[in-house]
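Below are the chains, spelled out letter by letter.
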Amino acid sequence: MSKTFIRTVKNLERSQFEILRLRIMAFIFALVAGGLFIIMIGYNPVELYGTIISGAFRSKMAIQATIKIMIPLLMSSLGVILAFKMKFWNIGAEGQIIMGAVFSSYFALFHSNLPHGLLLLIMFVAGFIGGGLWGLIPAIFKTRHNTNETLFTLMLNYIALHVISFLRDGPWKDPGSSGFPKIARFVTNAQLDKVFGIQFGWIIGIILVVIIFIYLRYTKQGYEINVVGESQSTARYAGMNVKKIILRTMILSGGICGLTGVIQSAGSDMTLAASVAGGVGFTAIIVAWLANLNPVGILLVSFLFSVLEKGSSVMQSTYGLSTYSAAVLQGIILFFILGCEFFVRYKFVFGNKGGARS
């Protein structure tokens, strides 16, 4: 009988009070650790933390900037949870965002004379199709050849990025560009309208929160996603077509990420650029898990992430900090917040307690 000094054991159940207590402790530890880092670089933690909070809300323009950061994060997180719910590890949100932007940009660049409302509708449909097709590819290979969806979706991100590079340097190159090649800026008719000074993507994001919440909790298809996530064998035993469910769900997952690409290209960048996804697809994975794959929770977590992102940029400019210092501070805070989720699900057992096996 071998003895194990320390090992991890899954927690079968924790009360909501215990989970809340762990998260509060993680938040406190994050502030303390971040404060120590701030002291080490020669600043006052209270002042810098205050700047982060005030920086996100200090003016109407700052609030609008915070919401602008939140929109793509919210929507892409809503997209990935559909796949994660059925334990299909969609790490390809970046590529799906890009392809949604590519498909919609075709109409923005070459059919911009269409009526404004019709043009935007076509762009959103095209964006959904582009992202959905990019999500469907790994789903087909998974269901037919049992490929590793994590690697497959990850690699598709880089292919999508090179698609933009090809279009930028080739068929879609702006003939009026001087110096570095770029794609032309969208005309006003192909840009998203603003509501309260912010492009209306935030309205679409809130609507999607409600739709996906209802879809997952109260529809047959949402129930099937949960069953497939728990056990594909059980789903098959219950008469469910697992392959069809995976394909359908990945079209929806990729499609929602594709809508994010439309909003970024036509609402924020006003063109198709290589930075259209900007790492949002990867951050969305963290947001989705912190929100426990809950659409309403994603609304809150993505807002808090946006406050941290916007506030950190203000802190950086106010105190003349380097980009790396602000990034390290964000990383320290996220390290403790994410670490908390480990202790929500697992615990350490010391010695041979719990019956370690040889």
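Because the structure is a prediction, the values reported are computed rather than measured.

## Some details on the overall build of the chain
Helix and strand counts for the chain stand at 13 helices and 4 strands. The C-alpha atoms of the chain give 22 Å as radius of gyration, which agrees with the globular expectation for 358 residues (21 Å, within 12%). Oriented by its inertia axes, the alpha-carbon framework of the chain measures out at about 75 × 60 × 35 Å. In the chain, buried positions account for 47% of the 358 residues. Partitioning the intrachain contacts of the chain with sequence separation of at least 6 by distance along the chain shows that 78% fall at a separation of at least 24. Per element, the accessible surface of the chain, about 18,300 Å² overall, is 67% carbon and sulfur. Averaging the positions of the 29 positive and the 13 negative side-chain charges in the chain gives two centres separated by 7 Å.

## Regarding the nonpolar core
Met123 and Phe124 are the most contacted members of the largest nonpolar core, which totals 74 residues. Counting residues per element, this core draws most heavily on helix H3 (residues 60-85), which supplies 12 residues. In contact with phenylalanine 124, other than residues within four places in its own chain, are Leu192, Phe200, Ile204, Leu259, Val262 and Ile263. Grouped together as the second largest cluster of nonpolar side chains are 14 residues, Ala30, Phe37, Ile52 and Ala326 included.

## Description of the side chain of threonine 249
Here threonine 249 shows up in helix H10 (residues 242-269). Only 2.7 Å separates the side chain of threonine 249 from the backbone oxygen of isoleucine 245, close enough to count as a polar contact. When residues no more than four places from it in sequence are discounted, the contact partners of threonine 249 are Leu82, Ala83, Met86 and Ile225.

## Considerations on the packing of aromatic side chains
Overall, the coordinates contain 13 aromatic pairs when judged by the stated rule. Ring geometry for phenylalanine 84 against tryptophan 89: centres 5.7 Å apart, planes inclined by 50°, an arrangement best described as tilted. Residues phenylalanine 213 and tyrosine 218 carry aromatic rings whose centres are separated by 6.3 Å and whose planes lie at 70° to one another, so their mutual orientation is edge-to-face. Grouping aromatic residues by their ring pairs yields a cluster made of Tyr106, Phe107, Phe110 and Trp172.

## Observations concerning the packing of helix H7 (residues 201-218) against H10
Where H7 contacts H10, the axes come no closer than 11 Å and their chain directions differ by 165°. The orientation of H7 relative to H10 falls into the category roughly antiparallel. In terms of crossing hand, the pair formed by H7 and H10 is left-handed. Along its contact with H7, which presents Gly201, Ile204, Leu208, Ile212 and Tyr215, the element H10 presents Arg248, Leu252, Ile256 and Ile263. Classifying every residue of the contact of H7 with H10 by side-chain character gives 7 nonpolar, 1 polar and 1 charged.

## Considering the pattern of salt bridges
The tally for this structure, following the rule as stated, stands at 4 salt bridges. The salt bridge partner of lysine 142 is glutamate 149, with a shortest N-O separation of 3.1 Å. Judged by its relative accessible area of 6%, glutamate 149 is buried. Ionic pairing is found between aspartate 169 and arginine 168, a salt bridge with its closest N-O pair at 3.1 Å.

Thresholds applied
- Residues numbered from 1 in each chain as written.
- Predicted model: local features only at pLDDT ≥ 70, side-chain atom pairs only at ≥ 80, totals over all residues.
- Heavy atoms only, no water.
- Helix = DSSP H or I, 4+ residues; strand = E, 2+ residues; numbered from the N terminus.
- Rg over C-alpha atoms; globule rule 2.2 N^0.38 Å.
- Buried < 20%, exposed > 50% of the residue type's maximum accessible area, 1.4 Å probe, protein only.
- Contact = heavy atoms within 4.5 Å.
- Areas by Shrake-Rupley, 256 points an atom, 1.4 Å probe, with all protein chains shown as cover.
- Lys, Arg positive; Asp, Glu negative; His and termini not counted.
- Charge placed at Lys NZ, Arg CZ, Asp CG, Glu CD.
- Core = buried A, V, L, I, M, F, W, Y, C linked by side-chain atoms within 4.5 Å.
- Polar contact = N/O pair within 3.5 Å; in protein donor to acceptor, adjacent residues only side chain to side chain.
- Phe/Tyr/Trp six-rings, centres within 6.5 Å; stacked < 30°, edge-to-face > 60°.
- Axes fitted to C-alpha atoms, helices over the stretch in contact; angles between N-to-C directions.
- Parallel < 35°, antiparallel > 145°, perpendicular 65-115°, else oblique.
- Left-handed = near helix turned anticlockwise from the far one by under 90°.
- Nonpolar A, V, L, I, M, F, W, Y, C, P; charged D, E, K, R; others polar.
- Salt bridge = Lys/Arg side-chain N within 4 Å of Asp/Glu carboxyl O.

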